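These are the residues of each chain, in order.
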Amino acid sequence: MTDSRGIAPKDASTVMLVRDGEQGPEVFLQRRVKAMAFAAGMTVFPGGGVDATDAQAEIGWAGPDPAWWGQRFGIDAARAQALVCAAVRETFEECGVLLAGPTADSVVSDTAAYRSAREALERRDLSLGRFLERENLVLRADLLRPWANWITPVVESRRYDTRFFVAVLPPGQRADGATSEAHEVRWCTPAQALDRWRDGLDILLPPTWSQLIALAEFPSTAAILAAEQVIEPIMPVVGDEDAQPRLGFPYHDRYFAELPDGSRLRGSRRPAETAPE
């Protein structure tokens, strides 16, 4: 997947955190601070690039093994393990939700006691493996489900090969905005998130928009977890449409048709960014 400049996309993991609400499943979203080097000001799911320590993690593991994850994502087991570890680490760093527990069939109910560790993880002063080992916690891979795979187009200087996961908010835990990367956070239904985008209140990149469209079809979090997603890599390509550069990706006509008037993304190449969220 290396482009003509020799740039290979960096592996990244994004987690769509969901919960059941009065109007159906809700999803956790955060608006990135404007100082971010990538996807600044965009509304995204928690996530980020795979760290070198994610691949080195020797930890207690509950649920489908790395080989199973590799088969679902079409990659080798070692790479899949790093992606799962990154998904758990990034979710904890960015919103304080920890998909781990003292045993293979339990999950922590309150992560407040791990606040200093969370900060150390975000600073890269602590690895996920060392943190889980120190606290005698088991990574709960069974709380995650594989969902999608988007790759940043070759026209972008920053490129990511992003795997999307979905997970239900564990009982007793709460998602927050206590991260340096988020300006604000909210829970809302996928439909509400899409309405905010159409009204120009939030900016959604195509990968985020596409997952919200998909999630909006499910009546409950149980149905989301039970879904058998067909995961095929999607890499938007730039073409010309109405004499303007326009990205091509599944349902791109609908995306551009519904972009709010005045959006700085309309007709531009910037939606090409496939953020690691």
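Residues numbered from 1 in each chain as written. Predicted model: local features only at pLDDT ≥ 70, side-chain atom pairs only at ≥ 80, totals over all residues. Heavy atoms only, no water.

The protein is annotated in an unreviewed UniProt entry as Nudix hydrolase domain-containing protein of Nocardia pseudobrasiliensis.

On to the nonpolar core, then. Leu17, Leu98, Phe131, Leu139, Leu144 and Phe165 are the most contacted members of the largest nonpolar core, which has 41 residues in total. Where this core is concerned, the elements lending two or more residues are strand S1 (10-21), helix H2 (66-73), helix H3 (77-95), helix H4 (115-123), helix H5 (128-134) and strand S9 (160-168). The dominant element in this core, judged by the number of residues it contributes, is H3, at 10 residues. In contact with leucine 98, not counting residues within four places along its chain, are Val88, Phe92, Val107, Val108, Thr111, Tyr114, Phe131, Leu137, Pro170 and Gln173. Counting residues in hydrophobic clusters, the runner-up holds 26 residues, among them Leu29, Trp147, Phe164 and Leu215. (Core = buried A, V, L, I, M, F, W, Y, C linked by side-chain atoms within 4.5 Å. Buried < 20%, exposed > 50% of the residue type's maximum accessible area, 1.4 Å probe, protein only. Helix = DSSP H or I, 4+ residues; strand = E, 2+ residues; numbered from the N terminus. Contact = heavy atoms within 4.5 Å.)

Turning next to the environment of aspartate 142. Relative to the assigned elements, aspartate 142 resides in the loop between strand S7 (138-140) and strand S8 (144-151). The class for aspartate 142 is partly exposed, based on a relative accessible area of 26%. Beyond its immediate sequence surroundings of up to four residues, aspartate 142 is in contact with Ala62, Gly63 and Pro64. Within the local environment of aspartate 142, its side chain forms a polar contact with the side chain of arginine 140, the two groups lying 2.8 Å apart. (Polar contact = N/O pair within 3.5 Å; in protein donor to acceptor, adjacent residues only side chain to side chain.)

Applying the stated rule across the entire model yields 16 aromatic pairs. Taking 5.2 Å as the distance between ring centres and 90° as the angle between the ring planes, the aromatic pair formed by tyrosine 255 and phenylalanine 256 counts as edge-to-face. Phenylalanine 256 matches tyrosine 255 in its accessibility class, with the two residues each being buried. (Phe/Tyr/Trp six-rings, centres within 6.5 Å; stacked < 30°, edge-to-face > 60°.)

We now examine H4. All of the buried residues along H4 are Ala117, Arg118, Ala120 and Leu121. The arc that holds the buried residues of H4, viewed along the axis, is 165°, so those residues lie on one side. With respect to the buried face of H4, the exposed residues turned more than 90 degrees away are Arg115, Ser116 and Arg123. For H4, the elements touching its buried residues are H3 and H5. (Arc of directions from axis to C-beta.)

At a closest axis distance of 7 Å, the pairing of H2 and H3 adopts a crossing angle of 95°. With respect to H3, the element H2 is oriented roughly perpendicular. Within the contact between the two elements, H2 uses Pro66, Ala67, Trp69 and Gly70 and H3 uses Ala77, Ala80, Gln81 and Val84. By residue class, the composition of the contact of H2 with H3 is six nonpolar, two polar and no charged. (Axes fitted to C-alpha atoms, helices over the stretch in contact; angles between N-to-C directions. Parallel < 35°, antiparallel > 145°, perpendicular 65-115°, else oblique. Nonpolar A, V, L, I, M, F, W, Y, C, P; charged D, E, K, R; others polar.)

Moving on: the sheet that holds S7. Pairing within the open sheet is mixed, and its three strands lie in the order S5-S7-S6. Either end of the sheet is taken by a strand with one partner, and the two such strands are strand S5 (60-62) and strand S6 (100-101). Direction of pairing for S6 relative to S7: antiparallel, over a ladder of two bridges. Each bridged residue has a counterpart across the sheet, and for alanine 100 the counterpart in S7 is leucine 139. (Pairing = 2+ DSSP bridges.)

On to the packing of helix H6 (residues 190-198) against helix H7 (residues 206-215). Following both chains from N to C, one finds H6 and H7 inclined at 140°, their axes separated by 8 Å at the closest point. The angle between H6 and H7 falls in the class oblique. Classified by chirality, the crossing of H7 by H6 is left-handed. Listed contacts from H7 to Pro190, Ala193, Leu194 and Trp197 of H6 are Trp209, Leu212, Ile213 and Leu215. Here the residues of the contact of H6 with H7 are counted per class, giving eight nonpolar, no polar and no charged. (Left-handed = near helix turned anticlockwise from the far one by under 90°.)

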